[in-house]
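# Per-entry structural report
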Amino acid sequence: KLTMAQAIAEGMGQEMERDSSVFVMGEDIGSYGGIFGATGGLLDKFGPDRVMDTPISETAFIGTATGAAAAGLRPIVELMFVDFFGVCMDQIYNHLAKNTYMAGGNIKLPVVLTTAIGGGYNDAAQHSQCLYATFAHMPGLKVVVPSNAYDAKGLMIQAIRDDNPVMFMYHKGIMGLPWMAFLEGSSNEVPQEAYTIPFGQAKVVRQGSDVTIVTLSQMVQKSMLAAQELAGQGISAEVLDLRTLVPLDRAAVLKSVAKTGRLLVADEDYLGFGLSGEVSAIVAENLDTLQLKAPVRRLAVPNVPIPYSRPLEQFVIPQVGSVVAAVQDLMKLSAKQLVAA
């Protein structure tokens, strides 16, 4: 049984042993092991030539990773918080995401860009966002967002072996760090040997018949707790973990909603112009094949900065109780109300 941080580091280490072109770089990823533990133990095993602490210059080291990949290496580069993308977005979006296309496919950019996401521990507006929908919106980047240790290792190895740039985004609240509270469900059994999980394959983590909860990352763990509470009320909730946004498993969403007839999208990213709207649109575009029993419901962060105040932060970020309440509301709606709407 590993924490997500341990599983990510193990996946990186096994690929570094297998392939000498893999190396890691970023701020505090060496002797400190990454502030969220994602590179723990790698410096001792592989040394400073392959596990490189960098200056505080995200533009410089992400640009370096892009160039190294074009030259045939396979960099893993850590952007400490996803919120910091603003200082290096040109390197991410105008170079890393586009240069394979701009070169007519004549260069490959196998870069894994890891970054921490999410709130819940009072780090305020500049350190608490998720933003995975921002990167999923941009062509040229694959976007991976695991919810547990088993998936994190398999998806990390898959990301390192992919010849395209991959955003690997881990929620700090499920990394299993001893110095901050985390949801226990994210730590689970992880095979010691290397393995991969293909991108674009969502997973039903709880079977249900009354309502589908489509979610990812830490919201998977919250949704599982909510589903357990709902079961005590006679409501059977199916929980679908997307695992990756790009590629997105649209077929899995439609299959589950066809089964249950109700959809709640539970998301810790912003409500406006995001994942919840995308998943809802997938269902809306396929209403001819679905028999919905209620309108689609979205639960996400309102379009405000994440507050520092703990009560306010807990209010804007969806919690277990808010998932329960949203499902209860869905169950009260009838097909007649849907037609009227």
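Definitions and cut-offs
Residues numbered from 1 in each chain as written. Predicted model: local features only at pLDDT ≥ 70, side-chain atom pairs only at ≥ 80, totals over all residues. Heavy atoms only, no water. Helix = DSSP H or I, 4+ residues; strand = E, 2+ residues; numbered from the N terminus. Expected span 1.5 Å × (residues − 1). Polar contact = N/O pair within 3.5 Å; in protein donor to acceptor, adjacent residues only side chain to side chain. Buried < 20%, exposed > 50% of the residue type's maximum accessible area, 1.4 Å probe, protein only. Pairing = 2+ DSSP bridges. Right-handed = clockwise from strand over helix to strand, strands pointing away. Core = buried A, V, L, I, M, F, W, Y, C linked by side-chain atoms within 4.5 Å. Contact = heavy atoms within 4.5 Å. Salt bridge = Lys/Arg side-chain N within 4 Å of Asp/Glu carboxyl O.

Every α-helix carries 3.6 residues per turn, so stepping three or four residues along brings you back to the same face. Over its 13 residues, helix α7 (residues 149-161) extends 19 Å from the first C-alpha to the last, a length consistent with the 18 Å expected when each residue adds 1.5 Å. Between the side-chain oxygen of the N-cap and the backbone nitrogen of Tyr 150 there are 3.2 Å, and the N-cap of α7 in question is Asn 148.

Across the eight residues that make up strand β11 (residues 263-270), a large majority, eight, are buried. In this sheet, β11 lies alongside strand β8 (residues 211-215) in parallel orientation, the contact comprising three bridges. Directly across from Ile 213, in β11, lies its bridge partner Leu 264. Strand direction decides the pairing type here: β11 and strand β12 (residues 297-301), joined by four bridges, are parallel. Bridge assignment links Leu 264 to a residue of β12, and that residue is Arg 297. In this region the chain leaves β11, passes through helix α10 (residues 275-284) and returns to the parallel neighbour β12; the handedness of that crossover is right-handed.

This part takes up the nonpolar core. In this structure, Ile 92, Tyr 132, Phe 135, Met 169 and Leu 242 are the most contacted members of the largest nonpolar core, which totals 54 residues. Those residues in contact with Leu 242 that sit more than four places away from it in its chain are Gln 201, Ala 202, Val 214, Thr 215, Leu 216, Leu 248, Val 253, Leu 275 and Val 279. Core analysis: the second largest hydrophobic core is formed by 39 residues, Ala 149, Met 175, Val 190 and Phe 199 among them.

Across all of its chains, the model carries 11 salt bridges by this definition. When salt bridges with common partners are traced through the structure, they connect Glu 15, Arg 18 and Arg 161 into a single cluster.

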